Each structure stands twice: as C-alpha cells, then as structure tokens.
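A closer look at the structure
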Amino acid sequence: MRKKHIREFNEQASWLKKGIVYHRGKHDNVIKENSLTAIKRAVDDNLAIECDVRLTKDEKVVVSHDDSLKRVFGVDKLISE
C-alpha cells in the first residue's frame, strides 16, 4: 500500500520537477524573503514556492528560513523564544 501512495504522489506532483521552485518566494535586494510580496510575485509568475515554518513560544506558526531573527531583522533572538 505504501508504494502505491508514493507512486500516486509522484505522478500528481510531477509538475514540481518541470519548473522553477522559489525558495522563500521571488525575493531580491528590495523585496524581503518570505514576505507576502515575494510570495505574490512567485504566484503571479505561476511558480512553486518552498518555505520553512517555525513555531513561536506561544505556538504561532511563522514563515522563516532561520531559527533566529538576527540575519533578517538584526534582532539577536530565537523565534522559539
């Protein structure tokens, strides 16, 4: 049964192997990664998006590649805190 599910998923998700997948949206030096604008730009181009999610201390889900706020926001704190 498991092999059948894997085969079905691979058939249904074959479009992922044919195009560009943007990591953190379609961002650049002006548009921040994981922002709604970066995600909208990728969607507008009809491209797939891969993003990372993190859980905050109060159990909210946020989209962030890093486990801290340091690189993107300059705040030396873990998202989980």
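Residues numbered from 1 in each chain as written. Predicted model: local features only at pLDDT ≥ 70, side-chain atom pairs only at ≥ 80, totals over all residues. Heavy atoms only, no water.

What about the overall build of the chain?
Scanning the chain for helices and strands turns up 3 helices and 4 strands. In the chain, the succession of α and β elements from N to C terminus is α-β-α-β-β-β-α. Taken against the 2.2 N^0.38 rule, which gives 12 Å for 81 residues, the C-alpha radius of gyration of the chain at 16 Å runs more than 25% over that of a compact globule. For the chain, the spread of C-alpha atoms along the principal axes amounts to about 45 × 30 × 15 Å. The burial tally for the chain puts 17% of its 81 residues in the buried class. Long-range contacts, defined here as pairs at least 24 residues apart, represent 34% of the contacts in the chain between residues at least 6 apart. Carbon and sulfur atoms make up 54% of the accessible area of the chain, which amounts to about 6700 Å² in all. Between the mean site of the 17 positive side-chain charges and the mean site of the 14 negative ones, the chain shows a separation of 4 Å. (Helix = DSSP H or I, 4+ residues; strand = E, 2+ residues; numbered from the N terminus. Rg over C-alpha atoms; globule rule 2.2 N^0.38 Å. Buried < 20%, exposed > 50% of the residue type's maximum accessible area, 1.4 Å probe, protein only. Contact = heavy atoms within 4.5 Å. Areas by Shrake-Rupley, 256 points an atom, 1.4 Å probe, with all protein chains shown as cover. Lys, Arg positive; Asp, Glu negative; His and termini not counted. Charge placed at Lys NZ, Arg CZ, Asp CG, Glu CD.)

A few points about the packing of aromatic side chains
Counted under the stated rule, the structure contains 0 aromatic pairs. Geometry around F73 places K32 over its ring, the cationic atom sitting 5.9 Å from the centre. (Phe/Tyr/Trp six-rings, centres within 6.5 Å; stacked < 30°, edge-to-face > 60°. Lys NZ or Arg CZ within 6 Å of the ring centre and 35° of its normal.)

Quick notes on the side chain of R24
Mapped onto the fold, R24 is located in the loop between β1 (21–23) and α2 (36–44). In this structure R24 comes out as buried when scored by relative accessible area, which is 16%. Among the polar contacts listed, one links the side chain of R24 to the side chain of E33, at a separation of 3.1 Å. At 3.3 Å, the side chain of R24 forms a polar contact with the side chain of H65. (Polar contact = N/O pair within 3.5 Å; in protein donor to acceptor, adjacent residues only side chain to side chain.)

Concerning unusual backbone geometry
In this structure, N34 is a non-glycine residue whose phi angle is positive, near 65°. On the secondary structure map, N34 appears in the loop between β1 and α2. One non-glycine residue, N46, adopts positive backbone phi at about 60°. Within the element layout of this structure, N46 appears in the loop between α2 and β2 (48–50). Residue N46 is classed as exposed on the basis of its relative accessible area, which comes to 72%.

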